[in-house]
Amino acid sequence: MTIPITQPEFGVETEAEEKNIPANETELILDGGFLVPETNSFGQNFRDYDAESVRQEGVENFYRVNHINQTFDFVKRMREEYGKVDKVEMSIWECCELLNEVVDESDPDLDEPQIEHLLQTAEAIRKDYPNEDWLHLTALIHDLGKVLLLPSFGELPQWAVVGDTFPVGCAFDESIVHHKYFTQNEDYNNAAYNTKCGVYSEGCGLNNVMMSWGHDDYMYLVAKENNATLPSAALFIVRYHSFYALHKSGAYKHLMNEEDNENLKWLQVFNKYDLYSKSKVRVDVEKVKPYYLSLIQKVCSLCCDQVIVVYAFVVSIPLFSREAEVVRNLEL
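What comes next is a walk through the structure. (Residues numbered from 1 in each chain as written. Predicted model: local features only at pLDDT ≥ 70, side-chain atom pairs only at ≥ 80, totals over all residues. Heavy atoms only, no water.)

With the rule as written, the count across this model stands at eight salt bridges. Across the salt bridge formed by arginine 126 and glutamate 123, the nearest N and O atoms sit 2.9 Å from each other. Separated by three residues within a single helix, arginine 126 and glutamate 123 lie in helix α4 (residues 114–128), roughly one turn from each other. When its relative accessible area of 9% is taken as the criterion, glutamate 123 is described as buried. Among the ionic pairs, aspartate 128 bridges to lysine 272, the shortest N-O distance being 4.0 Å. Linking aspartate 128 in helix α4 with lysine 272 in helix α9 (residues 258–276), this pair joins segments that are 144 residues apart in sequence. On the basis of relative accessible area, aspartate 128 is assigned to the buried category, the value being 8%. Residue classification places lysine 272 among the buried residues on the basis of a relative accessible area of 7%. Taken together, the shared-partner salt bridges connect Arg79, Asp217 and Arg239 into one network. (Salt bridge = Lys/Arg side-chain N within 4 Å of Asp/Glu carboxyl O. Helix = DSSP H or I, 4+ residues; strand = E, 2+ residues; numbered from the N terminus. Buried < 20%, exposed > 50% of the residue type's maximum accessible area, 1.4 Å probe, protein only.)

Counting through the fold element by element, glutamate 94 comes out in helix α3 (residues 92–98). A polar contact of 2.8 Å, which involves the side chain of glutamate 94, links it to the backbone nitrogen of serine 91. (Polar contact = N/O pair within 3.5 Å; in protein donor to acceptor, adjacent residues only side chain to side chain.)

Here the focus is the layout of surface pockets. As a volume, the second largest pocket reaches approximately 220 Å³. Lining the second largest pocket are 13 residues; nearest its centre among them are Asn207, Tyr220, Phe236, Glu259 and Asn263. Within the residue set of the lining of the second largest pocket, elements represented by two or more residues are α6 (215–225), α7 (232–240) and α9. Looking at which element gives the most residues to the lining of the second largest pocket, the answer is α7, with five residues. (1 Å grid on protein atoms, 1.4 Å probe; cavity = no way out; pocket = protein on both sides within 12 Å on 5 of 7 lines; lining within 4 Å. Points joined across faces, edges and corners; volume = space filled by probe spheres on them.)

Residues lying three or four places apart along an α-helix face the same way, a consequence of the helix completing one turn every 3.6 residues. Counted at 1.5 Å a residue, the expected span for α9 with its 19 residues is 27 Å, and the 28 Å between its end C-alpha atoms agrees. Those residues of α9 that sit buried are Asp260, Asn263, Leu264, Trp266, Leu267, Val269, Phe270, Asn271, Lys272, Tyr273, Asp274 and Leu275. Where α9 starts, the residue carrying a side-chain oxygen 3.2 Å from the main-chain nitrogen of glutamate 259 turns out to be asparagine 257. (Expected span 1.5 Å × (residues − 1).)

With 90 residues, the main nonpolar core has Leu140, Ile141, Leu144, Leu206, Trp213, Tyr218 and Leu255 as its most contacted residues. Sort the elements by how many residues they give to this core and α7 lands first, with seven residues. The residues touching isoleucine 141, leaving out its near neighbours within four places in the chain, are Ile92, Met219, Leu230 and Val238. (Core = buried A, V, L, I, M, F, W, Y, C linked by side-chain atoms within 4.5 Å. Contact = heavy atoms within 4.5 Å.)

A few words on the state of the cysteines. Scanning all chains against the criterion turns up zero disulfides. For the unlinked cysteine cysteine 170, the closest cysteine sulfur is that of cysteine 197, found at 7.6 Å. According to the relative accessible area criterion, cysteine 170 is buried, its value standing at 2%. (Disulfide = S-S within 2.5 Å.)

Contact geometry for α7 and α9: axes closest at 9 Å, N-to-C directions at 65°. With respect to α9, the axis of α7 lies roughly perpendicular. As for how α7 packs across α9, the hand of that crossing is right-handed. Across the interface between the two elements, Ser232, Ala233, Phe236, Ile237 and Tyr240 from α7 touch Glu259, Asp260, Asn263, Leu264, Trp266, Leu267 and Phe270 from α9. (Axes fitted to C-alpha atoms, helices over the stretch in contact; angles between N-to-C directions. Parallel < 35°, antiparallel > 145°, perpendicular 65-115°, else oblique. Left-handed = near helix turned anticlockwise from the far one by under 90°.)

This brings us to the environment of valine 59. As for its position among the elements, valine 59 is in helix α1 (residues 56–69). Residues valine 59 and histidine 178, spaced 119 residues apart in sequence, show a C-alpha to C-alpha distance of 10.0 Å.

Moving on, we get to the packing of helix α5 (residues 133–141) against α7. Relative to each other, α5 and α7 sit at 25°, their axes nearing to 10 Å. With respect to each other, α5 and α7 are oriented roughly parallel. For α5 against α7, the interelement crossing comes out right-handed. Contact residues: α5 offers Trp134, Leu135, Thr138 and Ile141, while α7 offers Ala233, Ala234, Ile237 and Val238. Among the residues forming the contact of α5 with α7, the class breakdown is seven nonpolar, one polar and no charged. (Nonpolar A, V, L, I, M, F, W, Y, C, P; charged D, E, K, R; others polar.)

Before going further, it helps to examine the packing of aromatic side chains. Here the structure, examined in full by the defined rule, presents 16 aromatic pairs. Taking 5.7 Å as the distance between ring centres and 45° as the angle between the ring planes, the aromatic pair formed by phenylalanine 243 and tyrosine 252 counts as tilted. Phenylalanine 243 sits in the buried class, given a relative accessible area of 0%. Exposure remark for tyrosine 252: the relative accessible area of 4% places this residue in the buried category. (Phe/Tyr/Trp six-rings, centres within 6.5 Å; stacked < 30°, edge-to-face > 60°.)

This is the structure in structure tokens:
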């Protein structure tokens, strides 16, 4: 059983329209529709990778290492290793709590534990789209794959888990953040991989395109392998929410099919909250926890007897993974 959704309406003024608030406002406002702040929690523009800040140097170095090592062969190996998802079963909320230990080094806009980001995103969406509970749940789970950073999940380095994602197996588009570092990627001068379509064909569909490895693709594999009954738009959001070259710059659309184009509409709705809800103001976890636990249970009950990703899911935890050790040794 799948969860039906309706497509978002564009070009019509709704409570979800973006609004600006003063630059000195840092509060996450959730009592009358989500308001888009003008600056991030460090007083900079959002996703400004060139602005001088306490995080700029570390973020750029992250992308240097990421762009050098994210190759077609590397992604293929990681998908084979982590696509097994056969090691342990845990609930969604247990996984959320693990993210109390995770801070995303690629993010220039926030240095809070990732559970805060999940709840900030979900709560902001909940205010503007109160009836789209599948979208609230999608926001809650979209970054759960970042548990790959933890020792029990292989302790992959940050460059193999977080950051903007992009296709491998075809040319690296210039809109990708810190594109200059791709010149050191072994695929950059490989004739099989450095053309517009590379190993793919026009209109093949993003589902047939390999993306750089990280938390997005991992969580997507977990959902698919557990026969998640979330709508295709939700799975699209989980897998491509870090694909800024597509949903911000419009690159790689030649690889999309009709279903991708429909799902992209919801991804662009989601991105507003994923990006702009980041704040130093903490969500009261205990206050909102009952709602999300009931939502998880509700979606589970819609699925009859199935044990699915939104209730209890099986994940790959290679405690002494040779592949994970190889990846850590790649870091420059």
